[in-house]
Amino acid sequence: SHEISYIEDPGQVKFYLRRPVYLYVPTALTEDGYDPLLETSPPDQNLKLQWVYGYKGRTCRNNVVVLASGEVLYFTAAVAIIYNVDENSQRFYDQHTDDIRSLALHPDGEIVATGQVRGNDDDFDAAHIRVWNSDSLETLHVFGMGEVERAVACLAFSVSDGGTLLAAVDESPEPRLSVWEWQDENKVAAARCSGDPVLAVSFSREDTQRVITSGKNSLVFWTVEDDALKKRTAVFGSHDKPKFITAVAFTEDGQTISGDNNGNIFFWEKDGNEITNAVTGVHDGSVFCILRKEDGGFLTSGKDRLIKEWDAEFSEASAEAEIGEEEGAARAIAVAGDQLIVGTIKNALLKGTLADGFSTITKGAEEELWAVATHPSSSQFLTGCLGGQLVARDADSKEAQWTVTMKAGIQSVCYSPGGEVVVVGLADGSWQVLDTESQEVVHEGQDGDEPHQVVRFSPDGSLLALGSRDNNVYLYEAGDDFKEYTSRGPCTGHSSFIRSFDFSADGAHLRTNSGDYELLFWNTEDCSQEQNSSELRDTEWATRTCLLCFSNFGVWPEGVDGTDLNSVTAAHEKPLVATADDFGKVKLFKSDTHFAYTSHKVCRGHSSHATSTAFTHDDGLLISLGGGDHSVLQWEVVDD
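Treat the numbers as computed from the prediction; the structure is a model and nothing was measured.

Asks: How should I be thinking about the overall build of the chain in this particular structure?
Replies: When you go through the chain residue by residue, the secondary structure sums to 2 helices and 55 strands. Each principal axis of the C-alpha atoms in the chain carries an extent, and together these give about 85 × 50 × 40 Å. Buried residues in the chain amount to 59% of all 640 residues. Summarising the internal contacts of the chain: among those between residues at least 6 apart in sequence, 47% fall at separations of at least 24. Counting only carbon and sulfur atoms, one obtains 41% of the accessible surface of the chain, whose full area is about 24800 Å².

Take a look at the structure:
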């Protein structure tokens, strides 16, 4: 934790965060009886989730369904998204406190169950199941706290009885299957599955008492009898036992079908555990999904990036389509009218047909997201991930405008003051300047071999600064319409990596933060360190991204260890400040964050760590990035 005190002479706030930090108070405030412990009120504005860019397909299965309303339900981060294909609109169920890991749709097509992982706070973020109404978004039941250890790996409603039961599997070292009378939040039965991961759970279409679990080294047929689960393991007989059972479905008359990592399909006895028929080579590699169609036939997808259409006996594929390598193989398939909705292992959600191909609805990043920048005068914004993809999107149309894959992971990005070029700081110490319109690389540079954590132009565009993990800030003079860069020198003096920095409004100075909680000041004329920081107490700063500075120290909550906050940014004109933290929270403050523990509003949607935020040029929207959830959330700034 950190203590805050005010030293009247020489007018400093003493702020302790693993080390004492002394922050000079502006002269006007010292003369006005400044008190750092003054209580503040939260902002009059709030953030309303407007759009989610992303889909969680890389690590999740069976998570794209079509509701009775015709809308498509899927999830990413801690948000369940209800997407209207015809209107290109989204609604959200946002009551989860951490990553959603699984979902199931009730036979009525309206009630939904979603399961989440355990978060950082066991009292608040325990792994649990939520049952809710997809029309009203009302939460109907919450249960499983204390019963689920790590995460709800998979869920399924019973079918033959109209959906009175819900099966769940706990993602733990020893996965457990539990069956619930969800309307009473009553656990009917539970049993240990095996020591290997379980990938899916399903109820028999014809027998409410029969439950199937599948995963690594296992396909198990369970029977619910006398409040207990009786287990029968699949017998493969003369057939090669696969390492993974990767998909399960049912024929029209209720027979179980399984797909595996060898690309084979097996038909199983209706009430038994032995194979009745085998179809080999359905896919080259794993079968990811089997979906029964209304006519009794099937759609399958595989690691080979093919989606195939089959008759009821899998005698021959009548049609097929290949998903592009950029989108990745189909993990989940749903039928929406005359279109297919496809979720892929590269976190893309697609729509289309086998005959006409597929277009992208949305695509999440493939690796952690850390870099974001908003255009200085338009609705365009940029995001960059550690996988190297730089994506330009339009916040109004919600569409991706272009994507460029860089040679290394992207750590930081910025626009020039007029938006003519984009500078991208990469993880290998290199940096590139791209023409915003053509995406042509107009300049390349290299400073050290550590990631560039921050890149930013001075307000007039004459200087470019790059803050590196090698503890230096590299300063350049920009020329020839941002196509040429002349080194002015490194600002050297930090003993840890550069975490953030701001230019002064006149471009004459820099203030920098490092990983060991240091605040230093620099003259941009010669890259020298400003030893007498008190002389800069009244300096106007062009941006507010330093977590440790007088104008921002109030964003630190009590009891944090210094690594919990990942970023801070101020709106351009509105009196607002936003932060992103390791608990997935985006917080909104008034701009008076120079008082201790400033009051704020908390906005949830990300899971694990939220990494960065940026206001759009007119302050109408806030863009936030999720690290582990690989998603981009777009928030509307609204009056409360």
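Asks: In this structure, what is going on with the pairing of strand β3 (residues 20-24)? I would like to understand it.
Replies: Along any regular strand, the residues point their side chains to alternate faces of the sheet. Only one face of β3 is covered, namely the one carrying V21 and L23; the face carrying P20, Y22 and Y24 has none of its residues buried. With 5 bridges joining them, strand β2 (residues 12-16) and β3 adopt antiparallel strand pairing. Within the sheet, the bridge partner assigned to K14 lies in β3 and is Y22. The turn linking β2 back onto β3 is made up of 3 residues, and R18 within it adopts a positive phi angle of 70 degrees.

Asks: I keep staring at the pattern of salt bridges and nothing clicks. Help me out?
Replies: Where charged atoms of side chains with opposite charge meet at close range, the side chains can pair. Considering all chains together, one arrives at 16 salt bridges under this definition. A salt bridge links E147 to K187; the nearest nitrogen and oxygen atoms lie 2.6 Å apart. Separated by 40 residues along the polypeptide, E147 in the loop between β12 (139-143) and β13 (152-157) and K187 in strand β16 (residues 186-192) bring together distant segments of the chain. By relative accessible area, E147 is classed as partly exposed at 42%. Put simply, R305 and E322 hold a salt bridge, and the shortest N to O gap is 3.3 Å. A residue pair is termed long-range when its members are at least 10 positions apart, and R305 in the loop between β26 (298-302) and β27 (306-310) and E322 in strand β28 (residues 317-322) qualify at 17 residues. Looking at R305, the relative accessible area reads 22%, which means it is partly exposed. Salt bridges sharing common partners tie together K293, D295 and E309.

Asks: Is there a simple way to think about the sheet that holds strand β44 (residues 484-491) in this case?
Replies: Sheets are built from strands paired through backbone hydrogen bonds, the pairs being either parallel or antiparallel. If you trace the 4 strands from one edge of the open sheet to the other, you get β41-β42-β43-β44, paired in antiparallel fashion. Each end of this open sheet is capped by a strand with a single partner; those strands are β41 (452-457) and β44. This sheet shows a mean twist of 20 degrees between the axes of neighbouring strands, independent of strand direction. One ladder, built from 5 bridges, connects β41 with strand β42 (residues 463-468); its direction is antiparallel. By the bridge assignment, H452 is partnered in β42 with S468.

Asks: Help me out: how do you make sense of empty space enclosed by the protein in this one?
Replies: A probe matching the size of a water molecule, rolled over the atoms, marks out where space remains unfilled. Scanning the model with the defined rule gives 2 cavities of 30 Å³ or more in all. Space inside the largest cavity adds up to approximately 40 Å³. N217, S218, L219, T233, A234, F236, K241, P242 and I245 together form the lining of the largest cavity. Residues of the lining of the largest cavity, tallied by class, amount to 5 nonpolar, 3 polar and 1 charged. In terms of lining, the second largest cavity is formed by R499, N513, S514, Y517, L547 and L548. A class-by-class count of the residues in the lining of the second largest cavity yields 3 nonpolar, 2 polar and 1 charged.

Asks: Honestly, the nonpolar core in this entry has me stumped. Any pointers?
Replies: The nonpolar side chains of a soluble globular protein tend to be buried with one another. Counting residues in each nonpolar core, the largest one holds 42 residues, and the members touching the most others are L47, V64, Y74, I341 and F615. The dominant element in this core, judged by the number of residues it contributes, is strand β4 (residues 45-53), at 5 residues. Once residues lying within four places of it in the same chain are set aside, the contact partners of V64 are Y55, V72, L73, Y74, A332, I333, A334, I341, G343 and L349. With 27 residues, the next largest nonpolar core counts L17, Y34, F521 and A596 among its residues.

Asks: Where do I start with the pairing of β2 in this structure?
Replies: Sheet topology places strand β1 (residues 4-7) next to β2; 4 bridges connect them, and they run antiparallel. Each residue of the ladder has a partner; that of I7, found in β2, is Q12. Connecting β1 to the next strand, β2, in antiparallel fashion are 4 residues, including G11 with a positive phi near 80 degrees.

Procedures and definitions
- Residues numbered from 1 in each chain as written.
- Predicted model: local features only at pLDDT ≥ 70, side-chain atom pairs only at ≥ 80, totals over all residues.
- Heavy atoms only, no water.
- Helix = DSSP H or I, 4+ residues; strand = E, 2+ residues; numbered from the N terminus.
- Buried < 20%, exposed > 50% of the residue type's maximum accessible area, 1.4 Å probe, protein only.
- Contact = heavy atoms within 4.5 Å.
- Areas by Shrake-Rupley, 256 points an atom, 1.4 Å probe, with all protein chains shown as cover.
- Pairing = 2+ DSSP bridges.
- Salt bridge = Lys/Arg side-chain N within 4 Å of Asp/Glu carboxyl O.
- Axes fitted to C-alpha atoms, helices over the stretch in contact; angles between N-to-C directions.
- 1 Å grid on protein atoms, 1.4 Å probe; cavity = no way out; pocket = protein on both sides within 12 Å on 5 of 7 lines; lining within 4 Å.
- Points joined across faces, edges and corners; volume = space filled by probe spheres on them.
- Nonpolar A, V, L, I, M, F, W, Y, C, P; charged D, E, K, R; others polar.
- Core = buried A, V, L, I, M, F, W, Y, C linked by side-chain atoms within 4.5 Å.

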